[in-house]
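Understanding the architecture of this molecule
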Amino acid sequence: MGEMNGDVTEITRLMQRFSWIDYVVFVFMLAISAVVGVYWGFMKKQTTQSDYLLGGRNMKVIPVSMSLVASFVSGITLLGSPTEVYMHGTQYAFIIVSIFLMSVIVTQVYLPVFHQLKITSNYEYLSLRFDNRVRLFGSLLFTFTLIGWLPIVIYVPALAFNQVTGVNIHVITPIVCLVCIFYTSAGGLQAVVWTDVIQITAMFGAMALVAIKGTIDVGGIGVVWQRNLDSGRIEMPNWDPNPLTRHTIWNLVIGGTIYWVQANAVSQTMVQRYLALPTLHGAKWAVFLFCIGISFLYCFCLYCGLLIYARFHDCDPLQTKLAKAKDQLLPLLVMDVLGGIPGLPGVFIAGIFSAALSSLSTSLNSMSAVVLEDFYKPYYSKQLSDRQSAWLMRGVVILLGCLCVGLVFVVEKMGTILQLTMTLESMTMGPQLGVFTMGILLPGVDATGALIGGVSGLAVMSWWCLTSQLAIARGQITHHHKSLTTVGCQYNFTAVDNIGDHYVYRDEVNPVLRVSYMWYTLAGMLVTICIGAIVSRINRARGVPFVPPSPTLLAPQLRRLYKEPPHPSEELFIRAYGPNKEACELKPITTNVKPITESERDMS
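In what follows, the accompanying structure is described.

Conventions and cut-offs
Residues numbered from 1 in each chain as written. Predicted model: local features only at pLDDT ≥ 70, side-chain atom pairs only at ≥ 80, totals over all residues. Heavy atoms only, no water. Axes fitted to C-alpha atoms, helices over the stretch in contact; angles between N-to-C directions. Helix = DSSP H or I, 4+ residues; strand = E, 2+ residues; numbered from the N terminus. Parallel < 35°, antiparallel > 145°, perpendicular 65-115°, else oblique. Left-handed = near helix turned anticlockwise from the far one by under 90°. Contact = heavy atoms within 4.5 Å. Nonpolar A, V, L, I, M, F, W, Y, C, P; charged D, E, K, R; others polar. Core = buried A, V, L, I, M, F, W, Y, C linked by side-chain atoms within 4.5 Å. Buried < 20%, exposed > 50% of the residue type's maximum accessible area, 1.4 Å probe, protein only. Phe/Tyr/Trp six-rings, centres within 6.5 Å; stacked < 30°, edge-to-face > 60°. Lys NZ or Arg CZ within 6 Å of the ring centre and 35° of its normal. Salt bridge = Lys/Arg side-chain N within 4 Å of Asp/Glu carboxyl O. Disulfide = S-S within 2.5 Å.

When two helices pack together, their arrangement is given by the angle between the helix axes and the distance between those axes. Two numbers describe how helix 15 (residues 329-338) lies on helix 16 (residues 344-376): the axes approach to 9 Å, and their chain directions differ by 160 degrees. Between helix 15 and helix 16, the angle falls in the class roughly antiparallel. Helix-helix and strand crossings are classified by hand; for helix 15 and helix 16 the assignment is right-handed. Residues L330, P331, V334, M335 and L338 of helix 15 lie in contact with helix 16, whose contacting residues are L344, P345 and F348. Partitioned by chemical class, the residues of the contact of helix 15 with helix 16 number 8 nonpolar, no polar and no charged.

Listed below in structure tokens is the structure:
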């Protein structure tokens with residue numbers, strides 16, 4: 001940027017060099033997604049509920065793994081991770097360790113239970129293990145979190161598009177969302193997965209282009225490394241045990257592992273793809289390949305953060321307002337590096353929107369499964385035909401998609417909604433994971449204990465997260481960032497001193513509110529489990545009747561403690577499906593547990 005002269009407004013206008021070739025590339029990406037929807041929706045008919053929601057439970061490992069990566073990585077990740085490194089350094093990179101620890105826990109504890117039950121919505125498990133009250137609690141948490149999160153997923157890449165083109169976000173977001181709604185409602189999970197395969201390719205291609213071309217322009221990897229090393233951005237593991245420290249090896253590995261377990265083991269958007277694979281062995285491989293793919297993508301994103309600093313090391317674009325928001329740093333780098341080559345900015349923006357489309361389409365498809373399985377079947381006795389089910393699921397996709405487009409207006413008008421939405425996610429993640437973990441690992445927890453534990457965890461985390469965010473909004477808690485300077489700028493600008501990232505702890509702020517956000521999911525899970533276990537223990541002492549869970553509903557490591565073979569009782573089935581149980585296909589429940597013999601029964 002040092003060679004640029006003039007006013008910052010003029011430079012911003014000059015950098016918006018989105019040519020007609022770039023628009024063609026961007027439109028081509030949308031067109032491919034629409035064609036996939038037409039193919040799976042009209043040429044390959046989705047005749048049954050299983051076809052629409054689970055691809056007939058006959059999907060292939062590689063496409064599902066790529067879909068998992070594509071849907072997990074939103075534009076928030078692609079734009080936010082480089083900003084994290086630019087502002088705070090590389091300490092966050094150690095979260096990659098937690099990704100692989102998560103794979104061990106998910107494949108050995110949670111996934112075998114869900115896959116063996118052959119369920120569609122993972123909240124079905126909560127009614128099998130507890131009752132419909134707990135199932136409804138989990139489904140509602142998922143629904144409200146999704147509705148709060150999806151508008152952000154759409155809004156963030158729209159900001160990037162605005163940065164490189166100047167096009168209003170309310171022009172582009174309805175167009176992109178309509179394409180997504182079309183192919184998701186038409187083609188079901190098959191369309192979602194195969195568009196994800198295309199979109200993850202665009203994501204990797206976009207990040208690779210920026211990394212390679214940007215490194216060459218700066219002067220090579222050595223220059224990138226040295227400039228970041230000199231500024232203190234290259235960091236070794238921080239072993240500080242203080243829970244108030246924002247990022248340490250402890251909260252990134254321990255807290256990060258729990259966060260990743262929640263996202264992969266009990267989130268419907270991820271579990272639904274694991275259940276679409278025909279075998280447990282294939283599902284475990286999908287988890288492992290997901291870990292590899294997401295780690296590579298994170299490495300690309302984190303390196304781009306180093307590249308942003310190497311490029312703007314002596315002229316911070318945030319203080320000069322060349323970038324109006326932190327999430328526009330990477331698009332700014334793209335236009336600086338690739339803007340002079342027609343077509344390449346279009347590839348990058350297509351990649352960013354691909355991340356948003358994959359997250360949106362997966363969430364819409366998962367929400368249709370939750371509405372059908374968790375909000376309709378347990379409470380309505382009328383059996384739906386395949387055609388009626390299809391219309392219901394497609395209607396959910398269309399309505400939720402349109403709602404998200406409308407909520408983008410709310411996101412734009414309320415600046416703090418970004419923080420509040422991330423807080424909402426933190427509030428609900430821990431209680432959700434806690435309820436499922438009690439079911440799978442604590443056989444003595446009953447339905448009332450699980451429900452009270454979940455509600456208590458939600459209440460505690462709501463107070464904690466919202467109060468903390470209120471302190472941040474008041475300026476009582478802000479965050480330290482690495483050194484930034486504008487001494488090398490050669491264009492005119494009005495300096496902005498406060499970009500909102502200095503540590504200022506007021507004495508009156510409760511230390512609990514300063515605990516790193518990386519501990520939130522773990523804290524919510526522990527509160528939920530502790531209260532749930534205590535309430536269940538009190539219920540036992542009061543003589544409240546309790547039926548031990550079927551071993552098939554427990555983690556494989558616990559099943560050897562049970563000798564009697566599981567059997568789906570009438571009561572268990574009513575808990576799962578309510579008055580509509582006659583219309584449901586009985587799901588076979590099998591186990592490797594050795595049946596008890598007559599002699600053993602006499603001895604006991």
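Turning to the nonpolar core, a few remarks are in order. Within the largest apolar cluster, 162 residues are counted, with the highest numbers of intra-cluster contacts made by Y125, F290 and F348. Sorting elements by how many residues they give to this core places helix 8 (residues 132-165) first, with 17 residues. Not counting chain neighbours up to four residues away, the residues in contact with Y125 comprise V113, F114, L117, I119, F436, G439, I440 and L553.

This part is about helix 15. The buried fraction of helix 15 amounts to 10 of the 10 residues, a majority that puts the element mostly inside the structure. Listed in full, the buried residues belonging to helix 15 are L329, L330, P331, L332, L333, V334, M335, D336, V337 and L338.

Let's shift gears to the packing of aromatic side chains. A complete count under the given rule lists 17 aromatic pairs for this structure. Consider the rings of Y86 and Y309, whose centres lie 6.2 Å apart with planes at 55 degrees: the pair is tilted. Residue Y86 is found in helix 5 (residues 75-88), and its partner Y309 is found in helix 13 (residues 280-311); the two are separated by 223 residues along the sequence. You can call Y86 buried: its relative accessible area is 0%. Ring plane angle 85 degrees and centroid distance 6.0 Å describe the contact between Y259 and W260, whose orientation is recorded as edge-to-face. By relative accessible area, which is 26% here, Y259 ends up partly exposed. Through a chain of ring-to-ring contacts, the aromatic side chains of F72, Y92, Y259, W260, F290 and Y298 assemble into a single cluster. Here the basic side chain of R233 rests over the ring of Y86, its NZ or CZ set 5.6 Å away from the ring centre.

Glancing now at the pattern of salt bridges. Applying the stated criterion to the full structure yields 8 salt bridges. Here E84 makes a salt bridge to R246, at a shortest N to O gap of 2.9 Å. Of this pair, E84 sits in helix 5 while R246 sits in the loop between helix 10 (221-230) and helix 11 (249-266), and the two are 162 residues apart along the sequence. Accessibility classification places E84 together with R246 in one group, the buried group.

Time to look at the state of the cysteines. By the definition in use, this model includes 1 disulfide. Here C315 pairs with C489 through a disulfide, and the sulfurs are 1.9 Å apart. When the S-S torsion is 105 degrees, as for the bridge of C315 with C489, the disulfide is right-handed. Linking C315 in the loop between helix 13 and helix 14 (317-320) with C489 in the loop between helix 19 (447-473) and helix 20 (520-541), this pair joins segments that are 174 residues apart in sequence. On the basis of relative accessibility, which here comes to 16%, the residue C489 falls in the buried class.

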